[in-house]
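Here is how the chains run, residue by residue.
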Amino acid sequence: MPATIRFDHAPEAPRGDTQRTGCPFHDVRSMLRDVGLRPTRQRLALGWLLFQKGDRHITAEILHDEATRARVPVSLATVYNTLHQFTEVGLLREFAVDGSKTYFDTNVDEHHHYFVEGDNQVLDIPGDLTMAAMPAVPEGYEISRVDVIVRLRKK
Ligand SMILES: [Zn+2]
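Quick caveat, the model's predicted, so the values are computed rather than measured.

### Things to note about the coordination of the zinc ion
Of the protein atoms, only His57 (NE2), Asp105 (OD), His111 (NE2), His113 (NE2) and Asp124 (OD) coordinate the zinc ion, at distances of 2.0 to 2.2 Å. Read N to C, the donor residues that coordinate the zinc ion are spaced as H-x47-D-x5-H-x1-H-x10-D. Placement of histidine 111 in the loop between β4 (101-105) and β5 (112-116) and of aspartate 124 in strand β6 (residues 121-125) is noted, with a sequence separation of 13 residues between them. On the basis of relative accessible area, aspartate 124 is assigned to the partly exposed category, the value being 30%.

### Points about unusual backbone geometry
With a phi close to 60 degrees, arginine 71 is a non-glycine residue in the positive phi region. Within the secondary structure, arginine 71 is located in the loop between α3 (60-69) and α4 (76-88). Positioned with a positive phi, asparagine 120 is a non-glycine residue whose angle comes to about 50 degrees. With respect to the helices and strands, the residue asparagine 120 is situated in the loop between β5 and β6.

### Observations regarding the packing of helix α2 (residues 41-51) against α4
Where α2 contacts α4, the two axes come as close as 11 Å, and the packing angle between them is 75 degrees. If you check the angle between α2 and α4, you find them roughly perpendicular. Within the contact between the two elements, α2 uses Gln42, Arg43, Leu46, Gly47, Leu50 and Phe51 and α4 uses Thr78, Val79, Thr82, Leu83, Gln85 and Phe86.

Definitions and cut-offs
Residues numbered from 1 in each chain as written. Predicted model: local features only at pLDDT ≥ 70, side-chain atom pairs only at ≥ 80, totals over all residues. Heavy atoms only, no water. Donors = N, O, S within 2.8 Å, 3.2 Å for Na, K, Ca; no water. Helix = DSSP H or I, 4+ residues; strand = E, 2+ residues; numbered from the N terminus. Buried < 20%, exposed > 50% of the residue type's maximum accessible area, 1.4 Å probe, protein only. Axes fitted to C-alpha atoms, helices over the stretch in contact; angles between N-to-C directions. Parallel < 35°, antiparallel > 145°, perpendicular 65-115°, else oblique. Contact = heavy atoms within 4.5 Å.

Take a look at the structure:
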């Protein structure tokens, strides 16, 4: 019998920002504190740009453009470092499309993606995926995460 692995959405996880004040800077500050990151000016500014618009998929280059337009003086290297720091503490999820293109997702719940070829657009796949027949895992390993990317193109 093939193993059926279901990817159900994780239950609503408390994100430690129960005291929403309506002030995005304050929310980012407490988000950073909750995960043990010092709320530096750059982390606050980038966090605010990242999280103010709800769930989104963003590359370091796009965030760097947004920061530049918002007159936040950061280098692309700093943007990369900050995105990786946010990922390490679980504020973001990182996934690669096309090998070299890395996206950061503000939705850290278990979910999968459509990638629209040509548009370079990433969309969440709603609901869960049922996958039959997962490969056998080599001795001494366990599956840490499964990222499914379904590539779309216009007909
Ligand atoms: Zn997503």
